[in-house]
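Residues per chain, in single letters:
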Amino acid sequence: MHPAQPWPAPTADSAVHGTVALPGSKSLTNRLLVLAAVAESPTRLVAPLRARDTLLMAGALRSLGAEVSDDGADWVVTPGALRGGDVDTGLAGTVMRFVPPVAGLAAGDVAFDGDAYARERPMATLLDGLRQAGIEVNDAGRGRLPFVVRGTGSVPGGTVRVDASASSQFVSGLLLAAPRYDKGIELEHSGDGPVPSQPHVEMTVQVLRAAGVEVETPAPGRWTVVPGPVAGGDRPVEPDLSNAAPFLAAALVTGGSVTVPGWPTSTTQAGDALRALLAAMGADVASTDAGLVVRGTGSVAGFDVDLHDVGELTPTLAALAALADSPSTLRGIAHLRGHETDRIAALAAELTALGGDVTEEPDGLTIRPRPLRGGTWHAYADHRMATAGAVVGLRVPGIEVDDIACTSKTLPDFPGMWSTLLGG
Ligand SMILES: O=C(O)C1=C[C@@H](OP(=O)(O)O)[C@@H](O)[C@H](O)C1
Ligand SMILES: C=C(OP(=O)(O)O)C(=O)O
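Computed from a prediction, not measured in an experiment: that's the story for all the values here.

Enquirer: Quick question: what am I supposed to make of the overall build of the chain here?
Expert: For the chain, the helix and strand inventory stands at twelve helices and 23 strands. Computed over the C-alpha atoms, the radius of gyration of the chain is 21 Å, within 12% of the 22 Å expected from 2.2 N^0.38 for a compact globule of 424 residues. Dimensions of the chain, computed from C-alpha atoms along their principal axes, come out at roughly 60 × 45 × 40 Å. In the chain, which comprises 424 residues, the share counted as buried stands at 54%. Once local pairs closer than 6 in sequence are excluded, the contacts in the chain between residues at least 24 apart make up 73%.

Enquirer: Explain the UniProt feature "binding site: phosphoenolpyruvate" (unreviewed entry) in the chain here, please?
Expert: The UniProt record annotates "binding site: phosphoenolpyruvate" (unreviewed entry) at Lys26, Gly93, Arg121, Gln169, Arg343, Arg384 and Lys409. Tracing the sequence through the fold places Lys26 in helix α1 (residues 26-37). Judged by the 28 C-beta atoms lying within 10 Å of it, Lys26 is buried. Not counting chain neighbours up to four residues away, the residues in contact with Lys26 comprise Leu49, Ala51, Asp53, Thr54, Asp240 and Thr410.

Enquirer: In this structure, what is going on with the environment of Leu248? I would like to understand it.
Expert: By the secondary structure assignment, Leu248 is in helix α7 (residues 245-254). Accessibility expressed as a C-beta count within 10 Å gives 28 for Leu248, which makes it buried. Considering only alpha carbons, one finds Leu248 and Tyr380, 132 residues apart in sequence, at a separation of 23 Å. If we skip the residues at most four places from it in the chain, Leu248 touches Val258, Leu274, Leu278 and Val294.

Enquirer: Please clarify how the site of ligand 2 should be interpreted in this entry.
Expert: Around ligand 2 lies a shell formed by Ala92, Gly93, Thr94, Glu312, His339, Glu340, Arg384 and Thr410. Class assignment for the residues of the shell around ligand 2 results in one nonpolar, four polar and three charged.

Enquirer: Just checking my understanding: could you explain the environment of Val260 for this structure?
Expert: Among the secondary structure elements, Val260 is positioned in strand β15 (residues 257-260). For Val260 and Ala290, which are 30 residues apart along the polypeptide, the C-alpha to C-alpha distance reads 7.8 Å. The residues contacting Val260, other than those within four sequence positions of it, are Val20, Leu22, Pro239, Ala244, Gly291 and Leu292.

Enquirer: Quick question: what am I supposed to make of the sheet that holds strand β21 (residues 364-368) here?
Expert: Pairing between the strands of a sheet is mediated by backbone hydrogen bonds and can be parallel or antiparallel. Strand order across the open sheet formed by four strands is β18-β19-β21-β20, with mixed pairing between neighbours. The strands lining the two open edges of the sheet, one partner per strand, are β18 (304-306) and β20 (357-361). The sheet shows a mean angle of 10° between the axes of neighbouring strands, taken without regard to direction. Summarising the sheet, strand β19 (residues 328-331) and β21 pair through three bridges and their orientation is antiparallel. Paired with Leu330 across the bridge in β21 is Leu365. Contacting β19 and β21, helix α9 (residues 314-322) crosses the sheet at an angle of about 165° to β19. In this fold helix α10 (residues 343-353) packs onto β20 and β21, with an angle of close to 165° to the strand it touches most, β20.

Enquirer: I'm lost on the sheet that holds strand β3 (residues 43-46) in this one. Help?
Expert: Ordered by their spatial adjacency, four strands build an open sheet running β4-β5-β3-β14, and the pairing between neighbours is mixed. Two strands close off the open sheet at either side, each with one partner strand: β4 (67-71) and β14 (233-236). The mean angle between the axes of side-by-side strands here comes to 20°, regardless of whether they run parallel or antiparallel. Both β3 and strand β5 (residues 74-78) contribute to a ladder of three bridges, which runs antiparallel. Bridging from a neighbouring strand, Thr43 pairs with Val77 of β5. The strands touched by α1 within the sheet are β3, β5 and β14, with β3 carrying the most contacts at an inclination of about 170°.

Calculation notes
- Residues numbered from 1 in each chain as written.
- Chains lettered and ligands numbered in written order.
- Predicted model: local features only at pLDDT ≥ 70, side-chain atom pairs only at ≥ 80, totals over all residues.
- Helix = DSSP H or I, 4+ residues; strand = E, 2+ residues; numbered from the N terminus.
- Rg over C-alpha atoms; globule rule 2.2 N^0.38 Å.
- Buried ≥ 20, exposed ≤ 12 C-beta atoms within 10 Å, placed from the backbone.
- Contact = placed C-beta atoms within 7 Å.
- UniProt positions renumbered as here; feature names shortened; annotations may be inferred.
- Near = placed C-beta within 6 Å.
- Nonpolar A, V, L, I, M, F, W, Y, C, P; charged D, E, K, R; others polar.
- Pairing = 2+ DSSP bridges.
- Axes fitted to C-alpha atoms, helices over the stretch in contact; angles between N-to-C directions.

Following this line, the structure appears as structure tokens:
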């Protein structure tokens, strides 16, 4: 685990203007790594993310028998016979939910464990799904990490019905390994409402299809993956748009402008929703040849928004809401209680401790802006809580984020990028 590192958040004395080149998407990198490990030929990930979550994924797949090697900025993955091993999931939802379905294909036991916070994250739905697909799992009845997947070298697959209300990653994990299951998978979500984070599920379907896998989506909440080979080849990785959030927020809060080069014209990334969300808060958002340009006025309009599909943007948006001119409501995000930390409780606690006026709802937050004071902002080992603290610190002097190093989960050098943007 990273060593916690207290960090005085810099205030912005003037409008920030800058260009922020973001490294590759965590979600794309880790899906492509998993598919590469079950492919029939090598895959080149072009400009993948190298951060804690993706290094853990590469390590997990190496432990199961794949070769992942550096080639300049790229990663080249050569699939190998899948074998038993040990997997450290860290705090990565993608590692703890995407690798166990692959482990069922290994010829031997695969033992999974992760960080202290990872042992709190929901896993029972996935373990249930694995068992329905014919995989034996030993979790001592915990329904959480640690557990052992008893790989036998093949998985029957077939019909699986689970309630994926707590995380879309249960769906994505089961779909990604399914082309290698004897019968593929016919997966059905049994929950009352839709699966959260729809764009992430679409991303899963898209990367499978790009690898030549036949995927059908006969009705909302139902997916069929036909058994068959997974193709290797070259796979470009888009910049991580969700990680653009704190940097673009700086443009709004300071009345500056921030450009993100390489913003894709079409994408399944949840972060693409920032264009509409930031515009609703008063930003001028433009797609230009240089990339996405966001200009702020220095004042942020309060907003009422359902973030069910794009929950990972919540910490940054909550920070913006706390600095806005009018109240905001963030709803539809009960599943965030199973993220890196319970983000609803964490945001309410941290903003309240600084003098904020926040109501914690079962599935969201209402934030009524008022002047905040400095103090410690606890990150709870959560990269997005840490960067939300940095956004609050732009306006509020004396904020110290207790653990800025946890941003390395998905960004190799957040403090350096932040300081460069602020002209430090
Ligand atoms: O599949 C993925 O890459 C992700 C899916 C989402 O998870 P949830 O559906 O659990 O929110 C998202 O919040 C997470 O950051 C990444
Ligand atoms: C929820 C997140 O991560 P994870 O992939 O660990 O679930 C996130 O990055 O906001």
